[in-house]
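These are the residues of each chain, in order.
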Amino acid sequence: MKQKMKRVFLCILMAVSFSLSAQNNRENILKVYNWADYLDLDLIDEFQKWYEEQTGEPVRVIYQTFDINENMLTEIEVGHEDYDVVCPSEYIIERMLKRKLLQKIDTTDFARTNTVNNLGNVSPWAKEMFEQMSETETVADYTVGYMWGTTGILYNRNFVSDEEVQSWQALLNPRFQQQIYVKDAFRDIYSVLICAVRYEEIKKYKVCRNDLAVNLTDENIKAVEDFLMAAKPQIAGWEADFGKERMCQGKVWLNATWSGDAQWAIDEQDEGVDLAYVVPEEGSNAWFDGWVIPIYAKNTRAASYWINFLCSGENAVRNMEETGYVSVIGTEDVLEAMIDEECDTINASYFFGPDAEKFRYSHLSGALTFIPYGTLVDHFQLCIDARYSRSQRGHA
């Protein structure tokens, strides 16, 4: 009996020792939680080397991905998962702020290690959009923008004409039976469909797009539900991430999706597939994703350095090229990456700042080819990075 008790006691000591060891080593581990296909993965190794050069401390990144905002939020809020840095969409960031689930991003260590602070590289317009999340907090203390984009329709021109997707009513077209995938993202789909349902009122200035997007009244929810019920025969499924791959393969004809997924699909489409992307005339939402440090994070120092690392212009461009999305970083590197002489000359000072004269008028491709007013945008033909996709799409 004594021998058995000794073995049990020894096991307990070993477990406690292992737990304490893991706790002590946690400062050398950075847990990153991000969307799938949303980072140039080569940057992970580069960050680890860069972090040790800057701080003298080694770090190992544990990189995990999620596909739905709400699932990520539940893991943190209910499960108390100790992710160090995560990348939610702006409406989830707003919830996390209200529920006291975020820590401030501490940049004071950068000066001690002579590390350049890149957080100031974020576009002034993007900063302004982020600050609208809270009336009581300085949002920039808690989050730094990453990417932004729109919600629209990705379609295969072999089966769908340009004219057929100029309206969100395309989802009701019986010719597209079982040929449409819809992004499993309630906020984004609701925002665009409520504008489609009430478009006549919008045109007569009876209602405002932004108000429709944020006011979840029973009437508006019912209107969107009725629209989706009418569209049900056309919908082949709801997708979190696989829609772009099916579109690449020509498996379905249309996908209500995000602009970055559309760009990825256009870049990766199989031979013979002819994909294009459009924001229908009723409008779209302009969404943002940003990096935050959750309240249960264990390595806030490395988390702050991770955010800073990704805010460099060079790394922002690499992530843009890898993912197809548009960075909120407003540096010259990003400007040069977006320039396309075949695109129209536009005033981009709203994004890069009024004092950036060299950025004021440029030939820009991508989401910068429109000037947004608020969180919802009017109709425009999104020229998603014509450098890569013009040959497939046939026009800019």
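In the block above lies the structure referred to throughout.
Since the model is a prediction, treat every value here as computed from it, not as a measurement.

Colleague: Quick question: what am I supposed to make of the overall build of the chain here?
Modeller: Counting secondary structure elements, the chain contains 18 helices and 14 strands. When each of the 396 residues of the chain is scored for burial, the buried share is 54%. Contacts spanning at least 24 positions in sequence make up 74% of the contacts within the chain whose residues lie at least 6 apart. Carbon and sulfur atoms make up 50% of the accessible area of the chain, which amounts to about 18,300 Å² in all.

Colleague: Would you take a moment to explain the pattern of salt bridges for this structure?
Modeller: Oppositely charged side chains can pair when the atoms bearing their charge come close. The final tally for this structure, using the stated rule, is 22 salt bridges. One salt bridge in this structure joins D82 and R26, with 3.4 Å as the shortest N-O distance. Taken as a pair, D82 in the loop between α3 (69–77) and β3 (85–86) and R26 in the loop between α1 (2–25) and β1 (29–35) lie far apart in primary sequence, 56 residues in all. R26 carries the same exposure label as D82, and that label is buried. Between D188 and R187 there is a salt bridge; the shortest N-O distance is 2.6 Å. When its relative accessible area of 5% is taken as the criterion, D188 is described as buried. Here R187 falls in the buried class, since its relative accessible area comes to 14%. Counted as one network, the salt bridges with shared partners bring together D37, K183, E239, D241, K244 and D261.

Colleague: Which parts of the structure should I look at to understand the packing of aromatic side chains?
Modeller: This structure, assessed with the given rule, holds 26 aromatic pairs. Centre to centre, the rings of W35 and W258 are 5.6 Å apart; their planes meet at 80°, and the pair counts as edge-to-face. Taken together, the residues W35 in strand β1 and W258 in strand β8 (residues 254–258) connect sequence positions 223 residues apart. With relative accessibility at 8%, the residue W35 sits in the buried group. Taking 5.7 Å as the distance between ring centres and 70° as the angle between the ring planes, the aromatic pair formed by F130 and F288 counts as edge-to-face. Here F288 lies in strand β10 (residues 284–294) and F130 lies in helix α6 (residues 124–131), a separation of 158 residues in the sequence. Side by side, F130 and F288 carry an identical accessibility label, which is buried. We note K183 situated over the ring of W258; from NZ or CZ to the ring centre the distance is 4.4 Å.

Colleague: Would you mind showing me how to read the packing of helix α7 (residues 186–197) against helix α10 (residues 218–231) here?
Modeller: Two packed helices can be described by the angle between their axes and the distance between those axes. Packing of α7 against α10 leaves a shortest axis separation of 9 Å and a crossing angle of 90°. By the angle between their axes, α7 is roughly perpendicular relative to α10. Facing α7, whose interface residues are Y190, L193, I194 and V197, α10 presents N220, I221, A223, V224, F227 and L228. Within the contact of α7 with α10, the residues separate by chemical class into nine nonpolar, one polar and no charged.

Colleague: I'm lost on a negative patch on the surface in this one. Help?
Modeller: A surface patch of like charges, here negative, comprises E27, E52, E53 and E57. Here E52 shows up in helix α2 (residues 42–55).

Colleague: Would you mind going over the pairing of strand β9 (residues 275–278) with me for this structure?
Modeller: Residues L275 and Y277 line one face of β9 and the alternating positions A276 and V278 line the opposite face, and both faces are buried. As paired elements, strand β5 (residues 143–156) and β9 share four bridges and run antiparallel to each other. Opposite I153, over in β9, you have V278 as the bridge partner.

Colleague: What should I look at first to understand the environment of Y305 in this one?
Modeller: For Y305, the location among the structural elements is in helix α13 (residues 300–310). Not counting chain neighbours up to four residues away, the residues in contact with Y305 comprise F47, W50, Y51, Q54, T55, D109, F110, T113 and T115. For Y305, the side chain forms a polar contact with the side chain of T113, separated by 2.7 Å.

Colleague: For this particular structure, what's the right way to read helix α14 (residues 313–323)?
Modeller: Helical periodicity: at 3.6 residues per turn, an α-helix aligns residues three or four positions apart in one direction. Among all positions of α14, only G313, N315, A316, V317, N319, M320 and T323 are buried. On its buried face, α14 is in contact with α2, β5, α12 (259–268), α13, β11 (326–327) and α15 (332–338). At the exit of α14 stands G324, carrying a positive phi of roughly 90°.

Colleague: Is there a simple way to explain the side chain of S123 in this structure?
Modeller: For S123, the location among the structural elements is in the loop between α5 (108–112) and α6. Overall, the relative accessible area of 0% leaves S123 in the buried class. Among all residues touching S123, those that are not within four sequence positions of it are V328, I329, G330 and F351.

So, how was this worked out
- Residues numbered from 1 in each chain as written.
- Predicted model: local features only at pLDDT ≥ 70, side-chain atom pairs only at ≥ 80, totals over all residues.
- Heavy atoms only, no water.
- Helix = DSSP H or I, 4+ residues; strand = E, 2+ residues; numbered from the N terminus.
- Buried < 20%, exposed > 50% of the residue type's maximum accessible area, 1.4 Å probe, protein only.
- Contact = heavy atoms within 4.5 Å.
- Areas by Shrake-Rupley, 256 points an atom, 1.4 Å probe, with all protein chains shown as cover.
- Salt bridge = Lys/Arg side-chain N within 4 Å of Asp/Glu carboxyl O.
- Phe/Tyr/Trp six-rings, centres within 6.5 Å; stacked < 30°, edge-to-face > 60°.
- Lys NZ or Arg CZ within 6 Å of the ring centre and 35° of its normal.
- Axes fitted to C-alpha atoms, helices over the stretch in contact; angles between N-to-C directions.
- Parallel < 35°, antiparallel > 145°, perpendicular 65-115°, else oblique.
- Nonpolar A, V, L, I, M, F, W, Y, C, P; charged D, E, K, R; others polar.
- Patch = residues over 30% accessible without salt bridge, like charges linked within 9 Å, V, L, I, M, F, W, Y side chains within 5 Å.
- Lys, Arg positive; Asp, Glu negative; His and termini not counted.
- Charge placed at Lys NZ, Arg CZ, Asp CG, Glu CD.
- Pairing = 2+ DSSP bridges.
- Polar contact = N/O pair within 3.5 Å; in protein donor to acceptor, adjacent residues only side chain to side chain.

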